[in-house]
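The lines below spell out each chain.
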Amino acid sequence: MSNFKENYGIYKKFKPLYDKGLNDGEIARKLDCTRSAVCQWRSRNDLPSNYTHGTVRDKILDLYNQGYSKSEIIDKDISSYKYTMNVLQGLEDNYPEVKNKSAIVGTLLGDAWVNNRPLFGFAHKNSHDKYVEYKKNRIDLSCNTYYEDGMGITGKPIRMYKCIYHTHPYWEELRNEFYPNGDKIFPKNYLEEYFNWESLAYWYMDDGHDNKSGCYISVINFTDQKEDITNFLDDKFGLSPTIHAKDRLYIPKENKIKMVKNIKKYVPECMEYKIKPL
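Basis of the calculations
- Residues numbered from 1 in each chain as written.
- Predicted model: local features only at pLDDT ≥ 70, side-chain atom pairs only at ≥ 80, totals over all residues.
- Heavy atoms only, no water.
- Helix = DSSP H or I, 4+ residues; strand = E, 2+ residues; numbered from the N terminus.
- Rg over C-alpha atoms; globule rule 2.2 N^0.38 Å.
- Buried < 20%, exposed > 50% of the residue type's maximum accessible area, 1.4 Å probe, protein only.
- Contact = heavy atoms within 4.5 Å.
- Areas by Shrake-Rupley, 256 points an atom, 1.4 Å probe, with all protein chains shown as cover.
- Lys, Arg positive; Asp, Glu negative; His and termini not counted.
- Charge placed at Lys NZ, Arg CZ, Asp CG, Glu CD.
- Pairing = 2+ DSSP bridges.
- Axes fitted to C-alpha atoms, helices over the stretch in contact; angles between N-to-C directions.
- Parallel < 35°, antiparallel > 145°, perpendicular 65-115°, else oblique.
- Left-handed = near helix turned anticlockwise from the far one by under 90°.
- Salt bridge = Lys/Arg side-chain N within 4 Å of Asp/Glu carboxyl O.

1. Digging into the overall build of the chain
Inference 1: Within the chain, the regular secondary structure consists of 13 helices and eight strands.
Inference 2: Taking 2.2 N^0.38 as the reference for a compact globule, 278 residues should give roughly 19 Å; the C-alpha atoms of the chain span a radius of gyration of 25 Å, well beyond that estimate.
Inference 3: Counting only C-alpha atoms, the chain reaches 85 × 35 × 30 Å along its principal axes.
Inference 4: Among the 278 residues that make up the chain, the fraction classed as buried is 44%.
Inference 5: Look at the contacts in the chain between residues 6 or more apart in sequence, and 60% of them connect residues 24 or more apart.
Inference 6: Element-wise, carbon and sulfur atoms account for 47% of the exposed surface of the chain, whose accessible area totals about 15,000 Å².
Inference 7: The averaged location of the 39 negative side-chain charges in the chain is 5 Å from the averaged location of its 42 positive side-chain charges.

Structure representation (structure tokens):
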């Protein structure tokens, strides 16, 4: 660390950084000096800290909700170690209860994911934004939603509506169950407890489509477990599914009628086209 007190050149660099809104720790890193040196400089010039405790907490919360680990947040040097740890501990003591695991595991078999951080999220094209809002309300946990432009599977530009959930220990549990080796699997033992008609409703709305002779659900993400899936759905609901071409699970008409009667109460108006006609 250099001694800025003996270097007027460094003194002159403090004010522009301060005016940009950098806090003491950020200025100290930029100038390779101590945070206390920056604090002394501010005090001599009657300048308040750029972050009150309230906004420091907001910044810690923002990083936490983006999935940063404790050590990563501490390394950001936003505030003192003690204050940062107090904020983080307070968060971990107050995680909300996960009330609808059935909806979560259902859409996780479909279009949702749990990334490496781990954070849970899902996305649909912007014309299905009402469906995103419906799922968000059913899951009922803290999240952020936003539109994002990208490329579709056909290579054409597409606008997506994304929902990314805040940090929660449940996401780590799901990451371990659904991605034990990095790739998504169908965790049949785990699903025995949580998979129900509501779960099937979300999986079907995400990856299914109607057919006059029955209906289909894509299982392209689970090509090595197709037999496990057909057996699971038959044992659980008596749907007698079979696997058709293009890695699609087929449910015949008589069992499609049974499925629709049981899932329709979970299907919002914007997705009713997937269950008509019977």
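So much for the structure itself; the text now carries on.
2. Looking at the sheet that holds strand S3 (residues 143–151)
Inference 1: Read from one edge of the open sheet, four strands run S1-S2-S4-S3, paired in antiparallel fashion. In the strand order of this sheet, the two ends are held by strand S1 (113–114) and S3, each with one partner.
Inference 2: Where S3 lies against strand S4 (residues 157–165), nine bridges are found, and the strand directions are antiparallel. Residue Tyr146 lies in a different strand from S4, and its bridge partner there is Lys162.

3. Observations regarding the sheet that holds strand S5 (residues 208–211)
Inference 1: On the basis of which strands lie adjacent, the open sheet formed by four strands has the order S5-S6-S8-S7 and antiparallel pairing. Only two strands of the sheet have a single neighbouring strand rather than two, namely S5 and strand S7 (242–244). Adjacent strand axes in the sheet meet at a mean angle of 30 degrees, parallel and antiparallel pairs treated alike.
Inference 2: Pairing of S7 with strand S8 (residues 248–252) involves three bridges; the strand directions are antiparallel. Across the sheet, the residue bridging to His244 is Arg248, located in S8.

4. Overview of the packing of helix H7 (residues 101–109) against helix H9 (residues 169–178)
Inference 1: Remark: H7 packs on H9, axes separated minimally by 12 Å, with the N-to-C direction vectors making an angle of 45 degrees. One finds that H7 runs oblique with respect to H9. At the point where H7 passes H9, the crossing takes the right-handed sense. The residues of H9 that touch H7, namely those facing Lys101, Ile104, Val105, Leu108 and Leu109, are Tyr170, Trp171, Leu174 and Phe178.

5. Points about the pairing of S8
Inference 1: Burial of S8 is extensive: four of the five residues sit out of reach of the surface.
Inference 2: With five bridges joining them, strand S6 (residues 214–218) and S8 adopt antiparallel strand pairing. When the sheet's bridge partners are listed, Ile217 is paired in S8 with Leu249.
Inference 3: Hairpin remark: S7 followed by S8, antiparallel, with three residues in the connecting loop; positive phi at Lys246, about 65 degrees.

6. Focus on the pattern of salt bridges
Inference 1: Scanning all chains against the criterion turns up ten salt bridges.
Inference 2: Its salt-bridge partner being Arg138, residue Glu198 comes within 2.9 Å of it at the nearest N-O pair. Placement of Glu198 in helix H11 (residues 197–207) and of Arg138 in helix H8 (residues 129–139) is noted, with a sequence separation of 60 residues between them.
Inference 3: We classify Glu198 as buried; its relative accessible area is 6%.
Inference 4: Taking the relative accessible area as the measure of exposure, Arg138 reaches 34% and is therefore partly exposed.

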